[in-house]
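Summary of structural features
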Amino acid sequence: MLAPVGWRLAFSRQDSAKVTAGRREGPQLAPRGAAPAARAMSLCTFALLLLLLPDAAPYVLTFPEPGHGLRRQKRDWVIPPISCPENERGPFPKQLVQIKSNKDKETKVFYSITGQGADTPPVGVFIIERETGWLEVTKPLDREKIDKYVLFSHAVAANGQPVEDPMEIIITVMDQNDNRPVFTEAVFHGTVAEGAEPGTPVLQVLATDADDAVSSSNGVVVYSILRQTPDQPQPHMFAISSSTGVISVAAAGLVAQAVPEYTLEIQAADMEGYGLQATATVLIKVQAEGMSETVNGSLTTHVLNTVTGLPAAGLVIRLAQLQEPGLQWTELGQRWTDEDGRCLPLLARGQAKAGTYKLRFETAAYWQGQGHTSFYPFVEVVFTITDPAQKLHIPLLISPYSYTTYRGS
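Conventions adopted
- Residues numbered from 1 in each chain as written.
- Predicted model: local features only at pLDDT ≥ 70, side-chain atom pairs only at ≥ 80, totals over all residues.
- Heavy atoms only, no water.
- Helix = DSSP H or I, 4+ residues; strand = E, 2+ residues; numbered from the N terminus.
- Areas by Shrake-Rupley, 256 points an atom, 1.4 Å probe, with all protein chains shown as cover.
- Pairing = 2+ DSSP bridges.
- Axes fitted to C-alpha atoms, helices over the stretch in contact; angles between N-to-C directions.
- Core = buried A, V, L, I, M, F, W, Y, C linked by side-chain atoms within 4.5 Å.
- Buried < 20%, exposed > 50% of the residue type's maximum accessible area, 1.4 Å probe, protein only.
- Contact = heavy atoms within 4.5 Å.
- Polar contact = N/O pair within 3.5 Å; in protein donor to acceptor, adjacent residues only side chain to side chain.
- Salt bridge = Lys/Arg side-chain N within 4 Å of Asp/Glu carboxyl O.
- Phe/Tyr/Trp six-rings, centres within 6.5 Å; stacked < 30°, edge-to-face > 60°.
- Lys NZ or Arg CZ within 6 Å of the ring centre and 35° of its normal.

**Focus on the overall build of the protein**
Regarding its fold elements, the protein presents 5 helices and 30 strands. Here the protein displays about 21700 Å² of accessible surface, and carbon together with sulfur accounts for 53% of that area.

Written out as structure tokens, the structure reads:
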């Protein structure tokens, strides 16, 4: 004998969505003391029972009611999310799913919905036909604004009394590749010592993409170098990590007197390199040997690992300045600390100007490489330069759970 039924959802045939039932951990849909086989009634058995129902149509999910020896709690059975693509052209309103209660065989049932997109902002994105129970979307959706809607469906009799408990319906907005990658800077700056060996990191670029990078490749960005100017002594002096954006020396032969600066045109493409694209420029200065610029710049730093008492090598440092318009942080350059915990000057002699600056030390990646977890994902030191002619040295002492900085000389 089949158990009585309550809510059921019928999907529009024009959609390709399928509904499957998933079990959450918790009480089983079976009476206490039942045999193991009965307690472990499979989804396949349940689906078969649905097909045996006289009024069961394709794409119908029926939920059992309490009673008749069956124990049912609110979260025993979970309705899978309903997927709706973003940027659809319509026509609208478009049917998504039909909500039905078997109580409509006993009395006239009227349907309504509540939740975000129904009766709370943005109001009216979803509506339901009061008598038929068809849930409809009224306009194109934008996943980058709202990626999921949680609605509750209600069923009442003509006298206004509920005939079913409210049912949660989750509508997931499916992503389309409608956003290009965006570089955080139009022009990136880096410095490398002449004679640097292949593999020496120079700087890291970053592009973001508003599309989905978790369940699709729409927001997965891949980096590449399009062009190097000049192409001396060879056209591939630098390489870029396709996944991290780290630019490093690819070939020996960097000589400041021959080529004091390189210009790279770089690209970020989503969909793992096959989608929408964006470009940016990288300026890399080659620092000549024997200039003692590691000490003699107008802004320098060094980093000490207080856990080991040794210099912190391979730590990324970014310098930014607070600039108009709107007092925004503008990145001026990046450095990587060497084996002595030092780097080329963040500002060379004569380059400093009065203003507010920020040093950002990427401590999380450094500590991860040391086998530690950092409490601070990064350390930012904001300071002002009032006398551009005065040399400024800002050391940093770090551990996974603390840091100290001061003005040095």
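**Details of the sheet that holds strand 18 (residues 246-249)**
As summarised here, the arrangement of the 3 strands in space is 14-18-17, forming an open sheet in which the pairing is antiparallel. Two strands close off the open sheet at either side, each with one partner strand: strand 14 (201-204) and strand 17 (238-240). Sheet twist, expressed as the average angle between the axes of neighbouring strands with direction ignored, equals 25°. Pairing analysis gives 3 bridges linking strand 14 to strand 18, with the strands arranged antiparallel. Within strand 18, the residue paired with Gln204 across the bridge is Val246.

**Regarding the nonpolar core**
Generally speaking, a soluble globular protein has its nonpolar side chains buried in company with each other. Ranked by size, the top nonpolar core spans 28 residues in total, and within it Phe183, Val205, Phe238, Ile247, Leu254, Val282 and Ile284 carry the most contacts. Secondary structure elements with two or more residues in this core: strand 13 (187-193), strand 14, strand 17, strand 18, strand 19 (261-269) and strand 20 (277-287). Looking at which element gives the most residues to this core, the answer is strand 20, with 5 residues. Apart from residues no more than four positions distant in its own chain, Phe183 is found in contact with Phe188, Val205, Leu206, Ala207, Tyr223, Ile266, Gln267, Ala268, Ala278, Thr279 and Ala280. Ile82, Val97, Ile99 and Val163 belong to the second-largest nonpolar core, a separate cluster that totals 25 residues.

**Focus on the side chain of Asn218**
You can see Asn218 is positioned in the loop between strand 15 (207-208) and strand 16 (222-229). The buried category is assigned to Asn218, whose relative accessible area is 10%. Within polar-contact distance, the side chain of Asn218 engages the side chain of Asp175 at 2.9 Å. Asn218 has contacts with Asp175, Gln176, Asn177, Asp209, Asp211, Asp212, Asp270 and Met271, leaving out every residue within four places of it along the chain.

**Some thoughts on unusual backbone geometry**
Each neighbour pair has its own omega, and for Gly90 with Pro91 the value is 5°, a cis peptide bond. Position of Pro91 among the secondary structure elements: in the loop between strand 5 (82-85) and strand 6 (94-101). For the peptide bond that leads from Thr229 to Pro230, omega is -10°, which places it in the cis range. Relative to the assigned elements, Pro230 resides in the loop between strand 16 and strand 17. Even without being a glycine, Asn87 presents a positive backbone phi close to 65°. As for its placement among the helices and strands, Asn87 is situated in the loop between strand 5 and strand 6. Residue classification places Asn87 among the partly exposed residues on the basis of a relative accessible area of 32%. Positive phi is not limited to glycine here, since Met271 has a value of about 55°.

**Comments concerning the pattern of salt bridges**
All told, the structure shown has 11 salt bridges when counted by the stated rule. Note that Glu380 and Arg360 form a salt bridge whose closest N and O atoms lie 3.3 Å from each other. With Glu380 in strand 27 (residues 379-385) and Arg360 in strand 26 (residues 355-361), this residue pair connects regions lying 20 residues apart in the sequence. Judged by relative accessible area, which is 33%, Glu380 ranks as partly exposed. One network of salt bridges, with partners in common, ties together Arg318, Glu331, Lys358, Arg360, Glu362 and Glu380.

**Remarks on the packing of aromatic side chains**
One pass over the full model with this rule turns up 8 aromatic pairs. Summarising the aromatic geometry, the rings of Phe183 and Phe188 are spaced 6.1 Å apart at their centres and angled 75° between planes, so their arrangement reads as edge-to-face. On the accessibility criterion, Phe183 (10% relative accessible area) is buried. On the accessibility criterion, Phe188 (2% relative accessible area) is buried. Both rings, one in Phe183 and one in Tyr223, keep their centres 6.4 Å apart while their planes meet at 50°; by these two values the pair is tilted. Here Phe183, found in strand 12 (residues 182-183), pairs with Tyr223, found in strand 16; they are 40 residues apart in sequence, far enough to count as distant. The burial state of Phe183 is the same as that of Tyr223; both residues are buried. Members of the aromatic cluster, each reached through a chain of ring pairs, are Phe183, Phe188 and Tyr223. One Lys or Arg, Arg130, reaches over the ring of Phe110 and ends 4.1 Å from the middle of that ring. A cation over an aromatic ring shows up here: Arg360 above the ring of Phe378, its NZ or CZ 3.8 Å from the ring centre.

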